[in-house]
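Overview (structure and organization)
As a plain string of letters, each chain reads:
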Amino acid sequence: MSNQTINFDTNPPVAASEYNNLIEMAMPGYSAMHTMVKAILKRRLPENAHLLIVGAGGGTEILRLSQGNPQWKILGVDPSSNMLAIAQQKIDQNSLSPRVSLFNGYVQDLPLTPLFDAATSILVMHFLPDDGSKLTFLQNIAQRLNSSATLFVVDVFGNKDTAEMEERISFVAAYRQEMGMPYEKHLEMMKPFNHGVHPVSEAREEELLQQAGFGNIMRFYTGLWVSGWIATKI
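Residues numbered from 1 in each chain as written. Predicted model: local features only at pLDDT ≥ 70, side-chain atom pairs only at ≥ 80, totals over all residues. Heavy atoms only, no water.

Our focus in this paragraph is the nonpolar core. The biggest cluster of nonpolar side chains holds 37 residues, and the ones touching the most others in it are Met27, Met33, Leu41, Leu51, Ile62, Val154 and Trp225. It is helix H2 (residues 30–44) that provides the largest number of residues to this core, a total of four residues. For tryptophan 225, the contacting residues outside a window of four places in its chain are Asp155, Val156, Phe157, Met165, Arg168, Ile169, Val172, Arg176, Met190 and Phe193. (Core = buried A, V, L, I, M, F, W, Y, C linked by side-chain atoms within 4.5 Å. Buried < 20%, exposed > 50% of the residue type's maximum accessible area, 1.4 Å probe, protein only. Helix = DSSP H or I, 4+ residues; strand = E, 2+ residues; numbered from the N terminus. Contact = heavy atoms within 4.5 Å.)

Written out as structure tokens, the structure reads:
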């Protein structure tokens with residue numbers, strides 16, 4: 001199995017200091033997607049739920065989900081110390097330290113207890129090749145979730161080197177320009193796509209979730225070339 005080829009400390013697709021500002025401009029529906037995640041979790045989870053955020057660097061999910069319920073406890077895990085430093089600043093600025101903690105590493109490095117009531121993996125798994133790495137990643141998350149826990153997965157989807165993907169990318173470029181992003185910045189952000197991003201079809205994404213022990217899979221969000229799925233641990 002391969003490791004991630006993009007490293008937000010040594011080989012970042014976007015500088016950590018730029019990430020939060022650029023992602024809002026670069027990804028269609030980014031803010032609305034987080035609102036959907038929070039709304040669904042508020043409907044599903046108890047007041048004292050324990051949440052796992054995989055790929056928490058930057059702190060956006062931490063801030064958004066911490067507003068879901070004042071008693072939720074959150075653990076954010078990320079291999080990038082640079083990104084976690086930004087997240088920690090947001091935690092400190094918003095006085096969230098009593099109920100939010102960070103772990104510098106990968107999900108497989110976490111202990112198997114305590115178990116979590118929900119987890120998110122937003123814009124993470126598409127950095128892993130489908131050589132067993134994606135499945136192992138999902139299995140590692142599943143091992144750390146309670147039965148019937150909720151998982152959100154959001155990834156770039158589709159098959160590379162197809163006319164459909166090329167058209168989707170052209171739509172993304174048009175969207176980013178509409179949002180005020182210079183075309184040169186779009187091209188810069190696309191450079192890691194060929195070697196560091198590994199999308200799969202929607203059918204394959206659902207198959208991987210099923211193989212990892214999840215059911216009740218539903219697509220809840222699509223933003224041109226990014227889709228989000230909600231699933232339940234069986």
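Moving on, there is more to tell.
Turning our attention to the pairing of strand E5 (residues 145–156). Extensive coverage of E5 is indicated by the burial of nine of its twelve residues. When strand E4 (residues 116–122) meets E5, the two strands line up parallel, connected through six bridges. Each residue of the ladder has a partner; that of phenylalanine 116, found in E5, is leucine 145. Pairing of E5 with strand E7 (residues 226–233), which is carried by seven bridges, proceeds in the antiparallel orientation. Residue pairing across strands places leucine 151 opposite alanine 231, the latter belonging to E7. (Pairing = 2+ DSSP bridges.)

Under the local residue numbering, the UniProt record ascribes the feature "domain: Methyltransferase" (unreviewed entry) to residues 52–145. Overall, residues 52–145 shows 32% helix and 23% strand. The separation of its end C-alpha atoms is 9 Å. (UniProt positions renumbered as here; feature names shortened; annotations may be inferred.)

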